[in-house]
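Coordinate inspection notes
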Amino acid sequence: MSQPVPVIHLENVTKRYPLSDGEFYQSLNGITLSIHTGEFVAIMGPSGSGKSTTMHIIGALDTPTTGKYLLKGKDISSYTDDQLAEIRNQEIGFVFQSFNLLSRTTVLKNVERPMMYAGIPQEERTKRAMAALELVRISEKANNLSNRISGGQIQRVAIARAIVMNPSIILADEPTGNLDTKTSHEIMTYFQNLNKEGKTIVIITHEEEIAQFAKRIIKIVDGKIVSDKKK
Amino acid sequence: MEYKEIISSALQALRRNILRTSLTMLGIIIGITSVILIVSIGKGAVAFITNELSSFGTDYFQINPGNSTFSSLAGTNTLTLDDVEAIREDSSLTNIKRVAPMALSNSIVTANDIKKSVSITGITSEMQEILRPDILYGEFFNEDHDRSAERVALLGVDVAEDFFGEETDPTGETIRIKDSTFRVIGVTESSSALAGSVLNNAVYVPINVAFNEIIGEERIQEIDVSVHDTEQINQTIEDVELLLRDRHDLDEGDESDFQIQSAQDILTTVQTITGLLTTMIAAISGISLLVGGVGVMNIMLVSVTERTKEIGLLKAVGAKEKDILTQFLVEAVVMSLSGGIVGIILGVGGAFLVSLVANIPFVIDIVAIIIAVGVSTLVGIVFGLYPARRAARLSPIEALRYE
């Protein structure tokens, strides 16, 4: 029986950045990693460990210097900027730590934005955005301006936006970094619920407590995976 | 991406910093306002002058002494009453209707114990046909006045009021010009806004009397010739020129000692000069559009820097280079086009006010407005392109990391 194709497969991925003095900074030192559909993974590591670079590559925001990145079996390592934009639009839902929403724009319009880039008609955009907001129980704020809602509410709207295109992965970079403990737990519970519904979730965090919400914890130090444990 | 959505998001971005947006638009507003204003005033002035000159008709031409426009004023004396008579009597010049000579001078006039320096114009009865004045009191000169040496005078309405008061008929009264006494036979008024101030401020006397009693010599400043058929006017001008050159013993190659201009020539000259001036001033005003464009570029660059994180976020959720490029370009165009529209409104309003104050026709040049809309859109595109490309090419990671 053949193994199912992993949704994310990194194979010996390295990344190095040129520095201003002509030297290079090696951020990733050969990462090999597979994540399958329905997994809930936390990637942990101290600052400078390469966890953010890993997230950028998984999120198609950047490409590896060497190695391969197969997304649903397709090698996207050498995609052009516009092809990567399309991958981000269709396959990846982002939740960032801060600056998640366009300020002075309504919650609804923020959630509709990825669908606008995908060319989905207005009527369907509104329908799908409202359904996503419903799922994170914030549809009553749909017409509020995004700078008029609380931090926890902002993250819930960001989650709604992340799921609205029905992507293969939801990628969250320190999603609770700016929240108090109670709200953090509430947000993580939303991620758990989405995972129960079959969504693949990858969270980048440096907080052990947050990582515990995931089913698999990968630790990166100096650009290498040092542990990969499933609960 | 839909344009309705893009435009509404551009308006939102511009409203975010309304003062800055307004100040940036100011350059475009000033540029477009001044171009529209100047073109409208220019066109209004041409319409005004055309109306004025047309009110005298285009069925005549004028002959002036000397070989430049200013010679007649400088006292050049190359046209005589014999020339006038020769043109009148030449049986081959069948197109000629009337020949009216004119002599100008200034003299002290006394009447009713009032003493004033007034412009004295020597004319013949034929001038009535050319100047087409209204006769307020009395009568115009007739052929008897042309022939006799009787000292009679016609007063322009302003002169009549100066000496005899408003709405008083001075017919039959006497005035003194230099040392001679003249009998007033009528009062004339020209309704021309352009020439009225001159024509209504003169005293008219028969040309022979002017030469003998006032000027002291035969000196003609202008001969006005009216024709039957305006279509044939150029041929008639050529014939008169040949006749005068022959009479003045000029050989082939010699420069004429007189000038002939048709009313149509004068009209064309005035229109050309005004058109040229309008274009020139409008072009100079256009420079402020360029300055406005640089302002738009500057603010768009600032805006791209300020919104780097936003660009990163949009790229993360799937915006392609062309989506970001379009968004910023539309913002620049909306800004400069709004400036253009405000400029058009102010320009048209200003032109309307000027037309009221200066009493010239209110002319709106649709072509100028279309060009203004086009130019302000173009300014937005040209000066918005560089900042928009910069935004579009930002790397999503760099943009997201930007602090």
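Right above here is the structure, for reference.
Residues numbered from 1 in each chain as written. Chains lettered and ligands numbered in written order. Predicted model: local features only at pLDDT ≥ 70, side-chain atom pairs only at ≥ 80, totals over all residues. Heavy atoms only, no water.

What to know about the sheet that holds strand E4 (residues 66-71) of chain A
Residue and element names in this part refer to chain A. Under the convention used in this document: We call two strands paired when DSSP finds no fewer than two bridges between them. Working definition: helices are DSSP H or I runs of at least four residues, strands are E runs of at least two. Numbering for both runs from the N terminus. Any two residues whose heavy atoms approach within 4.5 Å at even a single point are treated as in contact. What counts as an axis is a line fitted to C-alpha atoms, over the stretch in contact for a helix, and the angles between N-to-C directions run from 0 to 180 degrees.
Read across the sheet, four strands follow the order E2-E1-E4-E5 without closing on themselves; strand pairing throughout is antiparallel. Strand pairing shows two members of the sheet lacking a second neighbour, strand E2 (24-35) and strand E5 (74-75), which therefore form its edges. As paired strands, E4 and E5 are joined by two bridges and run antiparallel to one another. Bridge pairing in E5 links Leu71 to Lys74. Most of the contacts of helix H1 (residues 51-58) go to strand E1 (residues 8-18), to which it runs at about 120°, and overall it touches E1, E2 and E4.

Thoughts on the interface of chain A and chain B
Which entries qualify depends on this criterion: Summed over both partners, the accessible area (1.4 Å probe) lost when two parts come together is defined as the buried area. We define a salt bridge as a contact between a side-chain nitrogen of Lys or Arg and a carboxyl oxygen of Asp or Glu at a distance within 4 Å. Any pair of nitrogen or oxygen atoms within 3.5 Å is treated as a polar contact; in protein, a donor-acceptor pairing is required on top of that, and neighbouring residues in sequence qualify only through side-chain atoms on both sides. In this classification, the charged set is Asp, Glu, Lys and Arg, the nonpolar set is Ala, Val, Leu, Ile, Met, Phe, Trp, Tyr, Cys and Pro, and all remaining amino acids, among them Gly, are polar.
Every contact between the two is made by 30 residues of chain A and, on the other side, 23 residues of chain B. Overall, the association of chain A and chain B removes approximately 2,400 Å² of surface from exposure, summing both partners, and the carbon and sulfur fraction of that is 59%. Our count for the chain A to chain B interface comes out at three salt bridges. Salt-bridge contacts for Glu5(B) lead to Lys109(A); the nearest nitrogen and oxygen are separated by 3.4 Å. The interface formed by chain A and chain B holds eight residue pairs in polar contact (both at pLDDT 80 or more) in total. When residues of the side of chain A that touches chain B are traced back to their parent elements, those giving at least two are helix H2 (81-91), helix H3 (107-117) and helix H4 (122-135) of chain A. Considering each element in turn, the side of chain A that touches chain B owes the most residues, six residues, to H2(A). Partitioned by chemical class, the residues of the side of chain A that touches chain B number 13 nonpolar, seven polar and ten charged.

Concerning the packing of helix H2 (residues 18-55) of chain B against helix H12 (residues 321-358) of chain B
Residue and element names in this part refer to chain B. Here is the rule: Relative orientations are named as follows: roughly parallel for angles under 35 degrees, roughly antiparallel for angles over 145 degrees, roughly perpendicular for angles from 65 to 115 degrees, and oblique for any other angle. Crossings are classed by handedness, with left-handed meaning an anticlockwise turn of the near helix from the far one by less than a right angle and right-handed meaning a clockwise turn.
At a minimum axis distance of 6 Å, the contact between H2 and H12 shows a crossing angle of 40°. By the angle class used here, H2 and H12 are oblique. In the crossing of H2 with H12, the sense of the turn from one axis to the other is right-handed. The class makeup of the residues in the contact of H2 with H12 is 14 nonpolar, eleven polar and no charged.

A look at the pattern of salt bridges
Short version of the rule: Think of it in three bands: with a 1.4 Å probe and only protein chains considered, a residue is buried below 20% of the maximum accessible area for its type, exposed above 50%, and partly exposed in between.
Per the stated rule, a full pass over the model turns up 28 salt bridges over all chains. Among the salt bridges present, the one from Asp62(A) reaches Lys15(A), with a minimum N-O distance of 3.2 Å. Taken together, the residues Asp62(A) in the loop between H1 and E4 and Lys15(A) in strand E1 connect sequence positions 47 residues apart. Looking at Lys15(A), the relative accessible area reads 9%, which means it is buried. Residue Glu112(A) pairs with Arg125(A) through a salt bridge whose shortest N-O separation is 3.8 Å. Remark: Arg125(A) occurs in helix H4 and Glu112(A) occurs in helix H3; sequence separation between them is 13 residues. Ionic contacts of the salt-bridge type, sharing partners, join the residues Lys109(A), Glu112(A), Arg125(A) and Glu5(B) into one network.

With respect to the packing of aromatic side chains
Aromatic ring pairs are described here by two measures, namely the spacing of the ring centres and the angle between the planes. Residues and elements named next belong to chain A. Quick note on the threshold: For this analysis, a ring pair means two rings from Phe, Tyr or Trp (six-membered ring only for Trp) whose centres lie within 6.5 Å, classed as stacked if their planes differ by under 30 degrees, edge-to-face if by over 60, and tilted for the remaining angles.
One pass over the full model with this rule turns up three aromatic pairs over all chains. Between the aromatic rings of Phe94 and Phe96, the centroid separation amounts to 5.3 Å while the plane-to-plane angle is 5°, which identifies the pairing as stacked. Taking the relative accessible area as the measure of exposure, Phe94 reaches 2% and is therefore buried.

Thoughts on the pairing of strand E8 (residues 202-206) of chain B
All names here are of chain B. With five of five residues buried, E8 is to be regarded as a mostly interior element. Bridge count for strand E3 (residues 114-123) against E8 is five bridges, and the pairing is parallel. Looking at E8, one finds that Ile120 is bridged to Val203.

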